[in-house]
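Inside the fold
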Amino acid sequence: VLAKTRGIPASSFRGDGSNNGDVVNLFTRGVTRAKVVFNRPGEHRLRVKAYATRAGKELAKMEVRLSGNRLGTFAVKEQPPATGVYEMKARVEREGAQEVQIAFINDFWDPKNRNPKLRDRNLYVESLEVIPPPEPATSSESRDRILVKRHPGMDDEAYAKNILRGFAGRAFRRPPGADELQGLFKLYQDAVKHGDGFDEAIRVPLKATLLSPNFLFRGEFQPNPSNPAQVHEVDEFALASRLSYFLWSSMPDDELFRQALHGTLRKNLTAQVKRMLRDPKTGALGTNFAGQWLQLRDLDLMVPDPNRFPEFDNQLKVSMRRETETFFHYLLSEDRPLSDFLTSNYTFVNDRLARFYGLKGNFSEKFKRASLDGTNRGGILTHASVLTITSNPTRTSPVKRGKWVLDNILGAPPKEPPEDVPELDDGTGSKKGLTLREQMQKHSADARCASCHSAMDPLGFALENFNAIGRWRSHEHGKLLSSAGKLPTGERFDGALELQGLLAEDRRDSFVRCLTEAMLTYALGRGLEYYDRVAVDGICQKVKKNGYGF
């Protein structure tokens, strides 16, 4: 793999451990290897994306080597919350192929630990990124945008100030203060005093700008820093950033900057939001917000048992997630009723997913809208992505699925379970010929568990006709599956379609509030507080007044 390639995936590694193409699982002090072709000498940066399972008192330790020489040793955190990125430098003396080794060096196994999640320490490697040293500077569009045109008669110092004023303004997403600009300019002056030419000297403050917290974090100025609790109006530049990172997951464009600079953004807010929603960059909202709200990011971690589900592969996994993201973006861009999340008789599929769902028609690699009339599917609860992330590797999980509905559709999460309640044995039920529903009835008979299970289990069992990767089935262990249930409030339903119709009709306001809270959390970048309730109430009232449109 060429060193200029940004991401070297797990599928390119060879060596110890198991490799399913998405991740290398290293156990018992294993070592995985990748051949890297370095196209020029110099100081390269290597970034390894990895996570671990925890056991014992230590974190898993990862050692990274280049052609046998150790580059660094890292304590790898467990996942969730997220895959960690571990970076190191490597001095490459010559062009050509070299081997990068990633080793797991502190294996640990505690089979007697009461918590099965703390019994085995393993290391999981997702990818290696190799970042070569910068190439010699050449004329380019990006260079010309940073090193703006020099006006006739402008000396080096005036030109440097002009460059830094524009560059820092973009990087900080607001005009830099006089002190900030002077601090950057002094770095340029110091570099000149040490004998650097203009290009070398201007690099120093440009680099410092990109290391500044004002670039790395979305901070907002407080009118009275000594009293951070003081209520104040968000300024126009902060509003531009909030909007752009909410809808685009990126910095404000020139139009937002222009509106903020002239103080006209707030008065033109509706027009600007409509403009932004028409931009293709709004696709990031479908990826990032839907990934957070619906927990689609967890799909990357799912590894269903290949012996039970041989049809599951990376292509199907990617298609599952793409279906839900495309569906979300369609509802947003077309201002569809929010009830479509639960009652839609259509979805978006490519050829791979259409075959998996058993849909008739002509499909290709591109996703297109498809009717679900006459099928057992409809609404987001029948998306394979949701059904897969709420399952175990070997079987479905009505508890996980019911909890997912309570958390993400109704906004009514259940209490944490008692610590000493054992998990279901994946093998016991099948040996006795029991369906999962029959096993669960015994499991949830405990009085300590009954109150939560009475709310979760009926919701989860409504989806039991879909297996652990979301494929339709009618029987389990030769017995006809039952998806009938009753809510604690008495309403009865049979199957996913009836459940979603019931929620869309009788629990619509709960769903709207749940979605509002999730989206406001995403937009603000923080959890909601008691004082946000007024804003949530106002949004829900407007949604209802406007016919529940997205």
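Residues numbered from 1 in each chain as written. Predicted model: local features only at pLDDT ≥ 70, side-chain atom pairs only at ≥ 80, totals over all residues. Heavy atoms only, no water.

1. Describing the overall build of the protein
Formally: Helix and strand labels come from DSSP, where a helix needs a run of H or I of at least four residues and a strand needs a run of E of at least two; each type is numbered from the N terminus. Burial classes follow relative accessibility: with a 1.4 Å probe on protein chains only, a residue under 20% of its type's maximum area counts as buried, one over 50% as exposed, and anything between as partly exposed. The contact criterion used is simple: two residues touch if any of their non-hydrogen atoms lie within 4.5 Å. In short, Shrake-Rupley with a 1.4 Å probe defines the accessible areas, and a residue's cover is counted only from the protein chains shown. Charged residues are defined here as Lys and Arg on the positive side and Asp and Glu on the negative side; His and the ends of the chain fall outside this count. Charge positions come from single atoms, namely NZ of Lys, CZ of Arg, CG of Asp or CD of Glu.
A count of helices and strands for the protein gives 20 helices and 18 strands. Principal-axis analysis of the C-alpha atoms places the extent of the protein at approximately 85 × 65 × 55 Å. Burial statistics for the protein: of 550 residues in total, 43% are counted as buried. The contacts in the protein between residues at least 6 apart in sequence include a share of 66% that link residues at least 24 apart. Accessible surface computed for the protein: about 29,500 Å², of which carbon and sulfur atoms make up 51%. Where the 82 positive side-chain charges of the protein centre and where its 70 negative ones centre are 1 Å apart.

2. Examining the pairing of strand β5 (residues 31-38)
Counted only if it meets this: Any two strands are treated as partners once DSSP identifies two or more bridges connecting them.
Here strand β2 (residues 14-15) pairs with β5 via 2 bridges, running antiparallel. Residue pairing in the sheet places R14 in a bridge with R33 of β5. One ladder, built from 8 bridges, connects β5 with strand β10 (residues 96-104); its direction is antiparallel. Pairing of K35 across the sheet is with E99, part of β10.

3. Brief notes about the pattern of salt bridges
Worth spelling out the cut-off: What makes a salt bridge here is a side-chain nitrogen of Lys or Arg within 4 Å of a carboxyl oxygen of Asp or Glu, nothing more.
For the structure shown, the criterion picks out 35 salt bridges. Salt-bridge contacts for E220 lead to R242; the nearest nitrogen and oxygen are separated by 2.8 Å. Separated by 22 residues along the polypeptide, E220 in the loop between α5 (213-216) and α6 (236-247) and R242 in helix α6 bring together distant segments of the chain. By relative accessible area, R242 is classed as partly exposed at 28%. Between R266 and E236 there is a salt bridge whose closest N-O contact spans 3.7 Å. One end of the pair, R266, is in the loop between α7 (254-261) and α8 (269-278); the other, E236, is in helix α6, with 30 residues separating them in the sequence.

4. A few points about the confidence of the model for the protein
Test applied: How sure the predictor is of each residue is captured by pLDDT, a score from 0 to 100.
Within the protein, residue pLDDT values average 90, and 91% of them lie at 70 or more. Of the regions scoring below 50 in pLDDT, residues 1-5 engages in 16 contacts with residues more than four places distant in sequence or in other chains.

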